[in-house]
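Observations on chain architecture
In case you want the letters, here they are:
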Amino acid sequence: MQKKTDSNLFKIALFEMRTESDLQSFKINFDLIKEWLKKHSKEKLADFEDFPKKFIGTGFTLEQVANKSFKIQKEILEKEAFFYNSLFLTLYSLLENNLNSSCILAKYIAKSKLDIHDLKDRGIKRSSRYLNVLLEIDLSKFKEWEKVLLYNGMRNYISHNRLEVKGEEKQIIKYLEKHKMMIDFDDETKYVKFTEEMIGEAVETVEKLLNWVYEQIINKYSIIKKVKNG
């Protein structure tokens, strides 16, 4: 009995270590990309500010100069959008993978034959349901769960490049516009641009959630162990 208990505790400890390692790696990459983007933006902004001066008296029309300056500014925004959007998708994948790991852990602890793939839901919603079924861990009780669900919608929005707003997506667009993350260059082109601040906020939320899940698993395992030991 003692050997089995130690085995489960070891698995729980590994889950915590993996979560911390994944988050730490993400934060390091986040910092590196932030610094690179600041340098890139600074160089491009210098070109943007100097560009009109270079073409005075060259025969270019003001419209041509304005269009070129606009392209430089657009390039800066597109570059930031690409990297920050990619960072968000990476962070969301980290969240999904670690929640899946928590479900595997829950299966060991509960000694259940139910597999996560037996549930019809997908992604974090399936993980949430699985944890609730096996260990009665209700992720909706996590105080920022609604924000996490919003991240789920935002992830689907940008990964599928869906620009038309429908039904539940209106809430996503409202959030993006509120945080100035929707950029319209013209009537046909739209960009969802995550910001440095928003990524930082998402990292904090994901870290809080995974730590909360870890604490819940520890508590549930302690209760199960007490019941078994009489």
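Calculation rules
Residues numbered from 1 in each chain as written. Predicted model: local features only at pLDDT ≥ 70, side-chain atom pairs only at ≥ 80, totals over all residues. Heavy atoms only, no water. Helix = DSSP H or I, 4+ residues; strand = E, 2+ residues; numbered from the N terminus. Expected span 1.5 Å × (residues − 1). Buried < 20%, exposed > 50% of the residue type's maximum accessible area, 1.4 Å probe, protein only. Core = buried A, V, L, I, M, F, W, Y, C linked by side-chain atoms within 4.5 Å. Contact = heavy atoms within 4.5 Å. Phe/Tyr/Trp six-rings, centres within 6.5 Å; stacked < 30°, edge-to-face > 60°. Lys NZ or Arg CZ within 6 Å of the ring centre and 35° of its normal. Salt bridge = Lys/Arg side-chain N within 4 Å of Asp/Glu carboxyl O.

1. Re helix α4 (residues 145–159)
When the terminal C-alpha atoms of α4 are compared, their 21 Å separation across 15 residues agrees well with the 21 Å that a helix rising 1.5 Å per residue should span. Those residues of α4 that fall on the buried side of the exposure criterion are W145, V148, L150, Y151, N152, G153, M154, Y157 and I158.

2. Section: the nonpolar core
Formed by 50 residues in total, the largest nonpolar core has its most connected members in L95, L139, I199, L209 and V213. Elements with a contribution of two residues or more to this core: α1 (2–54), α2 (62–110), α3 (123–135), α4 and α6 (196–228). Residue contacts for L139: discarding those within four places in its chain leaves L99, S128, L131, W145, L209, W212 and V213.

3. Looking at the packing of aromatic side chains
As enumerated under the stated definition, the model contains five aromatic pairs in all. With 5.3 Å between their ring centres and 80 degrees between their planes, F82 and F83 make a pair best called edge-to-face. Of the residues examined, F82 reaches a relative accessible area of 53% and is grouped as exposed. Cluster of aromatic residues (ring-pair linked, three or more members): W36, F82 and F83. Across from the ring centre of Y108, 4.6 Å away, lies the NZ or CZ of K11, which sits over that ring. Over the ring of F30 we find K34; its NZ or CZ atom is 4.5 Å from the centre of that ring.

4. Observations concerning the pattern of salt bridges
Counted according to the given criterion, the structure contains nine salt bridges. Between D115 and K107 there is a salt bridge, with its nearest N and O atoms 3.5 Å apart. On the accessibility criterion, K107 (28% relative accessible area) is partly exposed. Each member of the salt-bridge network shares a partner with another, and the members are E144, K147, E201 and K208.

These values are about where atoms sit, not about what they do.
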